[in-house]
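Residue strings, one per chain:
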Amino acid sequence: MAVIHRTTLKPTKLELLTAWLPTRPWYRGGAAGPTLAKAGGFRLDDPQGEVGIEFMVVTETSGPQQAAYLLPLTYRGAPLDGAEHALVGTMEHGVLGRRWAYDGCHDPVLVARLTALIEGRAQAQDQNTSDVPDREVVASFTGDGPLSSDSDWDPDFTVTDDQEGTALTAPHGTTLRLQRVLRPAPDDRPLPPQGAIGHVTGPWQLPDGTRARGLFAVLLTGSRG
């Protein structure tokens, strides 16, 4: 179980993300950089208790139009080998000391736990309170059986960013796609694309204070060779 500490972070997560977000190909804001607000999200537990896993939703209004982004993040007590390119930044945590924050799409622990969530082997947790499930995050899986175990997602998976999101592709062809630029679903009923065998949906708060719901992630299977 992840323990949520009520303490200080220097710099804050939003300060780190303000510098990092404009470097992403799916960023929609202007050249001056974003003005960010936390708008939702959830956490997942690492069974080993070593890695903090958070899916943060932020909104920004500094670009030509309002945008909401899904930012999967991992927090580690030491650098992740081979992931220098995925480092968002470091923070000083008031209880845990120095923490390395990564784009979680490049962290095998987050990818394995997100797959477990989709397949019903993990439960989304409240973003701000320890040991409280987040029932508003809904996962669905229509496959015949588990496609993976927590050990299947290793450093051999490839990460590809485009203007809408990030695709994580395992060697056997399974693709986990994260929707980085969030789209409110009509009638709060997100529909996965054709061919999807699993997906995750969740809510966030729009800048005007209303709530939206949309697709966070989609699982598609390919040839298993």
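This is a predicted model, so every value here is computed, not measured. (Residues numbered from 1 in each chain as written. Predicted model: local features only at pLDDT ≥ 70, side-chain atom pairs only at ≥ 80, totals over all residues. Heavy atoms only, no water.)

Right, let's talk about helix α1 (residues 13-20) for a bit. Those residues of α1 that fall on the buried side of the exposure criterion are Lys13, Leu16, Leu17 and Trp20. Along α1, the residues classed as buried sweep out an arc of 95 degrees about the axis, all on the same side. (Buried < 20%, exposed > 50% of the residue type's maximum accessible area, 1.4 Å probe, protein only. Helix = DSSP H or I, 4+ residues; strand = E, 2+ residues; numbered from the N terminus. Arc of directions from axis to C-beta.)

Here we take up the sheet that holds strand β1 (residues 9-10). Ordered in space as β1-β5-β6-β4-β3-β2, the 6 strands form an open sheet in which the pairing is antiparallel. A strand with exactly one partner marks an edge of an open sheet, and here the two such strands are β1 and β2 (36-44). Sitting on the sheet, α1 touches β1, β2, β3 (52-60), β4 (67-76), β5 (87-93) and β6 (97-103), and the angle it makes with β5 is about 160 degrees. Contacting β2, β3 and β4, helix α2 (residues 108-118) runs over the sheet at an angle of about 85 degrees to β3. (Pairing = 2+ DSSP bridges. Contact = heavy atoms within 4.5 Å. Axes fitted to C-alpha atoms, helices over the stretch in contact; angles between N-to-C directions.)

The subject of this paragraph is the sheet that holds strand β8 (residues 158-161). Pairing is antiparallel in the open sheet, where 6 strands are placed in the order β7-β11-β12-β10-β9-β8. The outermost strands of the open sheet, each flanked by one partner alone, are β7 (138-141) and β8. If you compare each strand with its neighbour and ignore which way they point, the axes differ by 15 degrees on average.

Here we take up the nonpolar core. Formed by 31 residues in total, the largest nonpolar core has its most connected members in Phe55 and Leu178. Ranked by the residues each element gives to this core, the list is headed by α2, at 6 residues. Every residue in contact with Phe55, bar those within four places of it in the chain, is listed here: Gly40, Gly41, Phe42, Leu44, Leu70, Leu71, Pro72, Leu110, Leu114, Gln127 and Leu178. Grouped together as the second largest cluster of nonpolar side chains are 18 residues, Trp26, Tyr27, Met56 and Val88 included. (Core = buried A, V, L, I, M, F, W, Y, C linked by side-chain atoms within 4.5 Å.)

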